[in-house]
Amino acid sequence: MRRLRSAIPALIPLVVVTAAAELAVRYGLVKSYLVPAPSSVLRAMIESRVELLGALLTTSTSALVGFLLSTVAGIAIAVFLSSSRAIQRAFYPYAVFFQTVPIIAIAPLLVIWFGYGMRTVVASAFVVSIFPVIANTLSGILSTEPALRDLFRLYGASTPVTLWKLRFPAALPQILTGLRVASGLAVIGAIVGEFIGGQGLGSVVDVARTQQRVDKVFAAVLLASVLGLALFGLINLVSYVTLRRWHQSEQA
Amino acid sequence: MRKAFDQLVVIEGMDLEIAAGEFVAILGPSGCGKSTLLRMIARLAEPTVGHISIQPEERFQTAFVFQDAHLLPWRTVLDNAALPLELMGVAREARYSAARAALEQVSLFEAEDRYPAQLSGGMKMRVSLARALVTQPRLLLLDEPFAALDEITRFRLDTQLRELWQTRGITVIFVTHSISEATFLANRAVVLQKRGGGIKLDRRLDLPVDRNDELRVDPRLAREMRALLSAMEEE
């Protein structure tokens, strides 16, 4: 009940903006071929529900696979980079380079490499979402308290043991922050990949655009946002379950 | 012995011998190398010139208590206290029973399933002490362990530490900047010179073996404190 009540402030702007958009379109203040009335977006959603849900499922799968790949690879790369300062100097600039690559520009390249379809979409989601995982995991691992490192050394803990029992759990809050950012980026990457790789919600948006179906574009965009929110919520749930006992970010 | 970090000489020409079973307090201004000395004794750092030798039987039985409790926040009290044994590869049952015994020694009861975030500062420090005691160390090194605690909690932990030393016959080296704490706890006080120096004063404290809060207002304690204070003041 408390939770429900705390959600009310966030609902007010939604209701107001939706109502305003509906009225603005109905009274001709805004042309419906530019911004569709919320009611027609809803209608488009219901009419094309089979197509949209299928597309949502396809996009979700690609985004999720891309996100999981960047989680696993990102953490592994960060662990590798943390192993020595020299390795960091040699490879970290390339990780930064990955982040600055404009995905729109390289998506056509991904099609050439991986062909049309899911592999390109997954690769696109992966490329855009891996950097925050690397950066946050690395900074988390490197900022372990010196006194705790001394403690582990005093009792003869090996490097892998120290990594597993000290550095990794200590970095967990930061790793989860990285995953939160990565989850949103993975959805963006998947949609961009679909514009070019041709499937899922990205493809629906692209096709509806050429047919001047703004209502359908909006419906697909809305579903893509819901997907992003769901992934974000999933990470928050994981974060709550793992951190609630010991980290202040998850304590009331 | 000498210790320098690049150009910065922290300790110069120090020669100090501590016998097994002693309770030594090390005092000195900030930056005089107290903590560095302790880390070198624990073999967490090496002297630049010279060496530190420790009786072989004590070498692998050293425990260290840090300025803050430094517990692992994702572990329960029991798992924190058992950590050293876990790292040394002791079996689960054995390390839990040793950890429970160590927690009992610092009078922490019925808190073993709690997480550090749920503990007061004094309780955290107790867990930290229990973690140090769990390996049955022969040499206990403490680096201003109670500095952040309120005075009453600190007095209580001082008394407990002193009792532990008496009953266990271990060697304790206690670094502090509090003259009263050093005097109350130790049998011997070593005052270090400011940065880049050695030992300024090495004094046996003429105080009774059994110590309780009465001693804190005893003139004999005041006399010893005055001696340490004047050594620390003259520069």
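Our next topic: the domain arrangement of chain B. How big an interface is tends to be stated in terms of the accessible area lost upon association of its parts. Residue and element names in this part refer to chain B. Taken as a whole, chain B is organised into domain 1 (1-61 + 139-235) and domain 2 (69-136). Here the C-alpha centroids of domain 1 and domain 2 sit 25 Å apart. Among the elements that line the side of domain 1 that touches domain 2, the one with the most residues is helix 6 (residues 151-168), at four residues. Across the side of domain 1 that touches domain 2, the residue classes break down as seven nonpolar, three polar and no charged.

Below, the discussion takes up the nonpolar core. B:Ile26, B:Ala81, B:Ala130 and B:Phe174 are the most contacted members of the largest nonpolar core, which totals 66 residues. When residues in this core are grouped by element, the largest group, seven residues, is from helix 3 (residues 77-87) of chain B. Mapping this core onto the domain boundaries places at least three of its residues in each of domain 1 (1-61 + 139-235) and domain 2 (69-136) of chain B. Of all hydrophobic cores here, the second largest spans 53 residues; its members include A:Ala44, A:Ala107, A:Ala171 and A:Leu176.

All names here are of chain B. Counting through the fold element by element, Glu17 comes out in the loop between strand 2 (8-11) and strand 3 (23-27). Under the C-beta neighbour-count criterion, Glu17 is labelled exposed, with 7 such atoms within 10 Å. For the pair formed by Glu17 and Ile54, sequence separation is 37 residues and the distance between their alpha carbons is 9.9 Å.

Moving on: the interface of chain A and chain B. Counting from both sides, the interface comprises 17 residues of chain A and, opposite them, 14 residues of chain B. Of all elements in the fold, only helix 7 (146-154) and helix 8 (159-197) of chain A reach the threshold of two or more residues within the side of chain A that touches chain B. When residues in the side of chain A that touches chain B are grouped by element, the largest group, seven residues, is from helix 7 of chain A. In terms of residue class, the side of chain A that touches chain B is made up of 10 nonpolar, three polar and four charged.

Before going further, it helps to spend a moment on the environment of B:Asp113. Residue and element names in this part refer to chain B. Position of Asp113 among the secondary structure elements: in the loop between helix 4 (92-105) and helix 5 (121-133). For Asp113, a count of 10 C-beta atoms within 10 Å corresponds to the exposed category. It is 24 Å that separates the C-alpha atoms of Asp113 and Arg156, two residues lying 43 residues apart in sequence. Setting aside anything within four residues of it in sequence, one finds Asp113 in contact with Thr76 and Leu78.

Turning to the sheet that holds strand 3 of chain B, a few remarks are in order. Residue and element names in this part refer to chain B. On the basis of which strands lie adjacent, the open sheet formed by six strands has the order 4-5-6-3-7-8 and mixed pairing. Two strands close off the open sheet at either side, each with one partner strand: strand 4 (62-65) and strand 8 (199-204). The mean inter-strand angle of the sheet, taken between neighbouring strand axes irrespective of direction, is 15 degrees. When strand 7 (residues 188-192) meets strand 8, the two strands line up antiparallel, connected through five bridges. Paired with Val190 across the bridge in strand 8 is Asp202. Of the strands in this sheet, strand 4 and strand 5 (139-143) are in contact with helix 5, which crosses strand 4 at around 170 degrees.

Residue and element names in this part refer to chain A. Contact geometry for helix 8 and helix 10 (residues 214-243): axes closest at 9 Å, N-to-C directions at 165 degrees. By the criterion of interaxial angle, the relationship of helix 8 to helix 10 is roughly antiparallel. Every pair of crossing elements has a handedness; the one defined by helix 8 and helix 10 is right-handed. Where helix 8 abuts helix 10, its residues Leu172, Pro173, Leu176, Leu179, Arg180, Ser183, Gly184, Val187 and Ile191 lie against Ala224, Leu227, Gly228, Leu231, Phe232, Ile235, Val238, Ser239, Thr242 and Leu243.

What follows covers the pairing of strand 6 (residues 171-175) of chain B. All names here are of chain B. The element strand 6 is extensively covered by neighbouring structure, given that five of its five residues are classed as buried. Alternating residues of strand 6 divide into Thr171, Ile173 and Val175 and Val172 and Phe174, and every residue in both groups is buried. The pairing of strand 3 with strand 6 spans four bridges and is parallel. Following the sheet pairing, Val24 is matched in strand 6 by Ile173. As paired elements, strand 5 and strand 6 share five bridges and run parallel to each other. Looking at the pairing, Leu139 lines up with Thr171 of strand 6. Following the backbone out of strand 5, through helix 6 and into the adjacent parallel strand 6, one traces a crossover that is right-handed.

Rules behind the numbers
Residues numbered from 1 in each chain as written. Chains lettered and ligands numbered in written order. Predicted model: local features only at pLDDT ≥ 70, side-chain atom pairs only at ≥ 80, totals over all residues. Domains from an automatic or database assignment. Helix = DSSP H or I, 4+ residues; strand = E, 2+ residues; numbered from the N terminus. Nonpolar A, V, L, I, M, F, W, Y, C, P; charged D, E, K, R; others polar. Core = buried A, V, L, I, M, F, W, Y, C linked by C-beta atoms within 7 Å. Buried ≥ 20, exposed ≤ 12 C-beta atoms within 10 Å, placed from the backbone. Contact = placed C-beta atoms within 7 Å. Pairing = 2+ DSSP bridges. Axes fitted to C-alpha atoms, helices over the stretch in contact; angles between N-to-C directions. Parallel < 35°, antiparallel > 145°, perpendicular 65-115°, else oblique. Left-handed = near helix turned anticlockwise from the far one by under 90°. Right-handed = clockwise from strand over helix to strand, strands pointing away.

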